[in-house]
Structure formats: structure tokens, C-alpha cells
Amino acid sequence: ARRPDLRDKLRVQFVGRANEENRRLAEIYTASDRIGDVVSFEGFVPRPEALARMASADALLQLMPDEPGASMFVGGKLMEYLAFGRPILAVMPPGEGRRLVDSVMVGRSADVEPESIAAALERLVDDPPPLGSADPAGRYDRVNLAGELAALFDQVSAT
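Here the residue numbers are simple positions, counted from 1 along each chain's written sequence. For a predicted model such as this one, the threshold for reporting local features is a pLDDT of at least 70, and the threshold for listing and counting side-chain atom pairs is 80 or more; totals across whole chains, interfaces and linings nevertheless cover every residue. Side-chain calculation: all heavy atoms of the structure are included, whereas hydrogens and water are not.

Draft legend 1. Geometry of the overall build of the protein. Starting at the N terminus, helices and strands are each numbered in turn, a helix being any DSSP run of H or I of at least four residues and a strand any DSSP run of E of at least two. Within the protein one finds six helices and five strands. In terms of overall dimensions, the protein has a C-alpha envelope of 60 × 35 × 30 Å along the principal axes. For the protein, the residues scored as buried account for 30% of the 159 residues in total. By definition, residues are in contact when any of their heavy atoms lie within 4.5 Å. Long-range contacts, defined here as pairs at least 24 residues apart, represent 58% of the contacts in the protein between residues at least 6 apart. For the area figures, the Shrake-Rupley method with a 1.4 Å probe applies, and any residue is considered shielded solely by the protein chains shown. Accessible area for the protein stands at about 10400 Å²; split by element, carbon and sulfur atoms hold 57% of it. Three labels apply to residues, based on accessible area from a 1.4 Å probe with only protein chains included: buried if under 20% of the type maximum, exposed if over 50%, partly exposed otherwise in between.

Rendered as C-alpha cells:
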């Protein structure tokens, strides 16, 4: 409502499984004249298609509810997002995942509340981060992370 100019610039696609409550909300919001042509909710797609969509997106969205324990959670999806080097909008409570997003050039974060999300989305559109590697050293690459985990298992099993 406060930035009608964004209506023609934004397309938000939610892809994946949704529980019953989320499906009900999706039906309500996509039927709305306010956001029905901006937001779409699609079901599960095969992994290769999901990865192709991520790779071609202008930005990637990470959602995490503000609930007990969320501050310690990072999530595998966020690690995948880093590999694409696309801008990331992370809507999540303060904690480990948010610190990670805020530490990379492509990251923008918001609190789990409408005003914060709107402001972060406006910043993302008005001042997009540079495209490129969010993780130039490969610190969060799956292969490197698996190697670190294997080394940790070796260390633990040697004691």
C-alpha cells in the first residue's frame, strides 16, 4: 500500500510443501486484489526444478518463525542460497542464521513482523546487493562442510 510502484516489480513465489493452515492462508491471500497478482503459492516441485528456480531468481527468501530455539537454527536451505550468490532476504528472529545472513554482502534481514519485512524488501529493491558469490572462500559449500563434519567425527572417534 505504501509503495504501489513495487507492484509491477515484485513477484513472490512460494514453492514447496505447506501445512493445512498455510494452504488456507495462501488461498485467502492469492484471492485478494491487494497481493493476488504479486504472490503465488505453488506446491512441491522436483529438486532440479527448485534449484533452477533458485538460480534464476532475482532474490531468495528465507523464512523462519520466531519461536523458542529458532535463534540457534541456521538451516540447510540458507546454505544452498549462499551457493547461488543471489540476494537473500531472511525473515527470521535474531540468532545464528540471521548473523550469517548479515555477514555476507548479498544478505538482507528482517524481524518477523510486517513493518520490518516491508522495510527490508524496500531496501532490497531500491538498493540491491551486488550479484556474485556470497561465499567466495567456499566456507559454506556442501563439500567443505561435509569435510569439516568428517574431520570432527574423526577427532571424536580418536578420543
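Draft legend 2. Geometry of the packing of aromatic side chains. Pairing of aromatic side chains here covers Phe, Tyr and the six-membered ring of Trp, requires ring centres within 6.5 Å, and sorts the geometry by plane angle: under 30 degrees stacked, over 60 edge-to-face, intermediate tilted. The full count for this structure, using the stated rule, is one aromatic pair. Positioned above the aromatic ring of Phe44 is the side chain of Arg17, whose terminal nitrogen or guanidinium carbon lies 4.6 Å from the ring centre. Both a distance and an angle decide whether a charge sits over a ring: NZ of Lys or CZ of Arg must be within 6 Å of the ring centre and within 35 degrees of the ring normal.

Draft legend 3. How the structure looks around a nonpolar patch on the surface. Without a salt bridge and with relative accessible area above 30%, a residue can belong to a patch; like charges are then joined within 9 Å and nonpolar side chains (Val, Leu, Ile, Met, Phe, Trp, Tyr) within 5 Å. The salt bridge definition used is simple: a Lys or Arg side-chain nitrogen within 4 Å of an Asp or Glu carboxyl oxygen. On the surface, Leu149, Leu152, Phe153 and Val156 cluster together to form a nonpolar patch covering roughly 390 Å² of accessible area. Topologically, Leu149 is positioned in helix H6 (residues 142-158).

Draft legend 4. Quick peek at the pairing of strand S2 (residues 39-42). Here, any two strands with at least 2 DSSP bridges between them count as paired. Looking at chain direction, strand S1 (residues 12-15) and S2 are connected through four bridges and run parallel. Among the inter-strand pairings, Val15 is bridged to a residue of S2, identified as Glu42. Regarding topology, helix H1 (residues 20-31) serves as the crossover connection from S1 to the parallel S2, and that connection is right-handed. When the strands point away from the viewer and the path from the first strand over the helix to the second turns clockwise, the crossover is right-handed.

Draft legend 5. Here's a closer look at the pattern of salt bridges. One pass over the full model with this rule turns up 12 salt bridges. Among the charged side chains, a salt-bridge network with shared partners connects Arg2, Arg3, Asp5, Glu115, Glu122 and Asp126.

Draft legend 6. Local environment of the environment of Val15. In this structure, Val15 sits in strand S1. Along the chain, Val15 and Lys77 lie 62 residues apart, while their C-alpha atoms are 12 Å from each other. Beyond its immediate stretch of four places on either side in the chain, Val15 contacts Glu42, Gly43, Val45 and Arg53.

Draft legend 7. Focus on the environment of Ala118. Secondary-structure assignment places Ala118 in helix H5 (residues 114-126). Classification of Ala118 as partly exposed rests on a relative accessible area of 28%. Taking the C-alpha atoms as reference points, Ala118 and Arg2, 116 residues apart in sequence, are found 9.3 Å from one another.

Draft legend 8. View of the sheet that holds strand S3 (residues 60-63). What the three strands build is an open sheet, ordered S3-S4-S5; its pairing is parallel. Only two strands of the sheet have a single partner each, and these edge strands are S3 and strand S5 (107-110). Put simply, the sheet's adjacent strands are angled 20° from each other on average, direction ignored. Where strand S4 (residues 88-91) meets S5, four bridges bridge the pair, whose relative direction is parallel. Bridge assignment links Ala90 to a residue of S5, and that residue is Ser109. Lines fitted to the C-alpha atoms define the axes, with helices restricted to the stretch that makes contact. Angles between their N-to-C directions range from 0 to 180 degrees.

Draft legend 9. Region of interest: the packing of helix H3 (residues 76-84) against helix H4 (residues 96-103). The interhelical angle for the contact between H3 and H4, taken along N-to-C directions, is 5°, at an axis separation of 11 Å. Overall, the two elements H3 and H4 adopt an arrangement that is roughly parallel. On the side of H3, the interface is formed by Leu78, Met79 and Leu82, while H4 contributes Gly97, Leu100 and Val101. The class makeup of the residues in the contact of H3 with H4 is five nonpolar, one polar and no charged. For classification, angles of less than 35 degrees are called roughly parallel, those exceeding 145 degrees roughly antiparallel, those between 65 and 115 degrees roughly perpendicular, and all remaining angles oblique. For this scheme, ten residues count as nonpolar: Ala, Val, Leu, Ile, Met, Phe, Trp, Tyr, Cys and Pro. Four count as charged, namely Asp, Glu, Lys and Arg, and the remainder, Gly too, count as polar.

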